[in-house]
Amino acid sequence: MGMIIRSNIPSLEAKSTLRKSNKKSSETMEKLASGVKINKAADDASGLSVSKKMRAQITALETVNENNQDGVNLVQTTEGYMSEIQEMTSRMTELASKAANGVLDTEDRDALQDEMDELCAEIDRMASTANFNGVKLLGGERSNPNVAPDSVLKLQIGDSSTSSDKVAMRIYDFHTDKLLASATGLPTNSDKFKKNEASPYNDAISFNISDQDTAIENVSNIRELCNEISSIRSDYGALQNRLDYTITNFSSDHTNLTEAESRITDTDMAKGAIGLTQHNIMGQAAQAMLSQANVEPQNVLDLLR
């Protein structure tokens, strides 16, 4: 190439290389600072589109697992109330067995009946007040405005609106007029029951143990009540196990999707650090060559002297 001074081509080439090196260094520093490879669409347009879809799905899975955990907590809370009621049936059985003893007089039986009434009144109280975030747990359809008329609470366990991503949790009515009649198969006006004045619930009933024969029969009826509660608790236990497995499955999906999304968007810090060093060295070299290229036209002056 001839010696020219109007167009310093080596200087322009060095300047272009320096600009590219500085741009690469700046982009690499941005990725290292943010930990993300795709900070703008120009970094990787297709990767950005895919990663945003994955991120939306990951967020949905996180919400789904929160829903499922809420469902587990709901079931555990409900089953806990039932456990307490079932514990009370042990004392109720003991009271009925004592009342079945022929050596007791009327005053003794009245004392046993009073305690039986109080226990049944406590069941009514729990049925009226037990709730989870305002949702009645033992009130059945009559006192629970948050469930459908068939006393079924729908739990969302997936990320779609299809029926396969919902599960039904039945809400049982544990008020004594419903629970005792359902467990024993007897009508509420049976002589095995009596109106319970100890309970503020309007239709409250209690096991009648005021005479020996009725008390004997109610021993087995109370056992039937205990069995009924056990059956319901078993259903709830099965539902909780299902929710636990659902949480495990979605957690696995969440982990796999997060790993896939990470490969697209997350910066490899070691690789980025190596690249930054390389770009800095290339930039320094280009800067040195630019200085050298700017000196070359001055050599022309030696020819003109």
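Residues numbered from 1 in each chain as written. Predicted model: local features only at pLDDT ≥ 70, side-chain atom pairs only at ≥ 80, totals over all residues. Heavy atoms only, no water.

## A word on the overall build of the protein chain
Argument step 1. Helix and strand content of the protein chain: seven helices and six strands.
Argument step 2. Helices (α) and strands (β) of the protein chain occur, in sequence order from the N terminus, as α-α-α-β-β-β-β-α-β-β-α-α-α.
Argument step 3. Across the protein chain, contacts joining residues at least 24 apart in sequence account for 71% of those joining residues at least 6 apart.
Argument step 4. For the protein chain, the exposed surface amounts to about 17300 Å²; the carbon and sulfur share of it is 51%. (Helix = DSSP H or I, 4+ residues; strand = E, 2+ residues; numbered from the N terminus. Contact = heavy atoms within 4.5 Å. Areas by Shrake-Rupley, 256 points an atom, 1.4 Å probe, with all protein chains shown as cover.)

## Topic: helix α5 (residues 212-265)
Argument step 1. End to end, α5 covers 78 Å across 54 residues, agreeing with the expected 80 Å (1.5 Å per residue, within 8%).
Argument step 2. N218 marks the point of greatest bend in α5, at about 25°.
Argument step 3. In this structure D211 caps α5, since a side-chain oxygen of it lies 3.3 Å from the backbone nitrogen of D213. (Expected span 1.5 Å × (residues − 1). Bend = angle between axes of the 7 residues up to and from the residue. Polar contact = N/O pair within 3.5 Å; in protein donor to acceptor, adjacent residues only side chain to side chain.)

## Considerations on the pattern of salt bridges
Argument step 1. Scanning all chains against the criterion turns up eight salt bridges.
Argument step 2. A salt bridge links E94 to K98; the shortest N-O distance between them is 3.7 Å. One end of the pair is E94 and the other is K98, both in helix α2 (residues 45-99) and four residues apart, which spans about a single turn.
Argument step 3. By relative accessible area, which is 37% here, E94 ends up partly exposed.
Argument step 4. Note that K194 and D117 form a salt bridge whose closest N and O atoms lie 3.1 Å from each other. Of this pair, K194 sits in strand β5 (residues 193-195) while D117 sits in helix α3 (residues 106-129), and the two are 77 residues apart along the sequence.
Argument step 5. Through salt bridges with shared partners, one network takes in R91, E94, K98 and E115. (Salt bridge = Lys/Arg side-chain N within 4 Å of Asp/Glu carboxyl O. Buried < 20%, exposed > 50% of the residue type's maximum accessible area, 1.4 Å probe, protein only.)

## Section: the packing of helix α4 (residues 176-184) against α5
Argument step 1. For the pair α4 and α5, the least separation of the axes is 8 Å and the interaxial angle reads 100°. In terms of orientation, α4 and α5 fall into the roughly perpendicular class. In this structure, α4 uses L179, L180, S182, A183 and T184 to contact α5, whose residues at the interface are N221, E224, L225 and E228.
Argument step 2. Residues of the contact of α4 with α5, tallied by class, amount to four nonpolar, three polar and two charged. (Axes fitted to C-alpha atoms, helices over the stretch in contact; angles between N-to-C directions. Parallel < 35°, antiparallel > 145°, perpendicular 65-115°, else oblique. Nonpolar A, V, L, I, M, F, W, Y, C, P; charged D, E, K, R; others polar.)

## Things to note about the packing of aromatic side chains
Argument step 1. A complete count under the given rule lists two aromatic pairs for this structure.
Argument step 2. Considering the side-chain rings of Y172 and Y236, the 6.2 Å spacing of their centres and the 40° angle between planes classify their relative orientation as tilted. One end of the pair, Y172, is in the loop between β4 (166-170) and α4; the other, Y236, is in helix α5, and 64 residues separate them in sequence. Both residues of the pair, Y172 and Y236, belong to the buried class.
Argument step 3. Residues F193 and F207 carry aromatic rings whose centres are separated by 5.7 Å and whose planes lie at 50° to one another, so their mutual orientation is tilted. Of this pair, F193 sits in strand β5 while F207 is found in strand β6 (residues 205-207), placing the two residues 14 residues apart along the sequence.
Argument step 4. On the basis of relative accessible area, F207 is assigned to the buried category, the value being 0%. (Phe/Tyr/Trp six-rings, centres within 6.5 Å; stacked < 30°, edge-to-face > 60°.)

## Comments concerning unusual backbone geometry
Argument step 1. Backbone geometry places N133, a non-glycine residue, at a positive phi of 55°.
Argument step 2. Relative to the assigned elements, N133 resides in the loop between β1 (131-132) and β2 (135-136).
Argument step 3. Under the relative-accessibility criterion, N133 is labelled exposed at 75%.

## Here we look at a negative patch on the surface
Argument step 1. A cluster of like negative charges, contributed by D105, E107, D108, D110, D114 and E118, occupies part of the molecular surface.
Argument step 2. Checked against the element boundaries, E107 lands in helix α3.
Argument step 3. According to the relative accessible area criterion, E107 is exposed, its value standing at 62%. (Patch = residues over 30% accessible without salt bridge, like charges linked within 9 Å, V, L, I, M, F, W, Y side chains within 5 Å. Lys, Arg positive; Asp, Glu negative; His and termini not counted. Charge placed at Lys NZ, Arg CZ, Asp CG, Glu CD.)

## Thoughts on the nonpolar core
Argument step 1. Core analysis: the largest hydrophobic core is formed by 47 residues, its most contacted members being M92, M169 and F174.
Argument step 2. Listed by contribution, the elements that provide at least two residues to this core are α2, α3, β3 (152-156), β4, α4, β6 and α5.
Argument step 3. Apart from the residues lying within four places of it in its own chain, the contact partners of M92 are M116, L119, C120, I123, F207, I222 and L225.
Argument step 4. Within the second largest apolar cluster, five residues are counted, among which are I58, L61, V64 and F250. (Core = buried A, V, L, I, M, F, W, Y, C linked by side-chain atoms within 4.5 Å.)

## Comments concerning the environment of T17
Argument step 1. Here T17 is to be found in helix α1 (residues 9-34).
Argument step 2. We classify T17 as partly exposed; its relative accessible area is 37%.
Argument step 3. The spacing of T17 and M282 is 265 residues in sequence and 8.3 Å in space, taken between C-alpha atoms.

## Description of the side chain of K192
Argument step 1. The topology assignment puts K192 in the loop between α4 and β5.
Argument step 2. Exposure remark for K192: the relative accessible area of 14% places this residue in the buried category.
Argument step 3. One polar contact links K192 to D191, side chain to side chain, over a distance of 2.9 Å.
Argument step 4. If we ignore the near neighbours within four places in the chain, the residues touching K192 are L186, S206, F207, N208, T214, E217, N218 and N221.

Without other data, these values stay purely geometric and don't point to any function.
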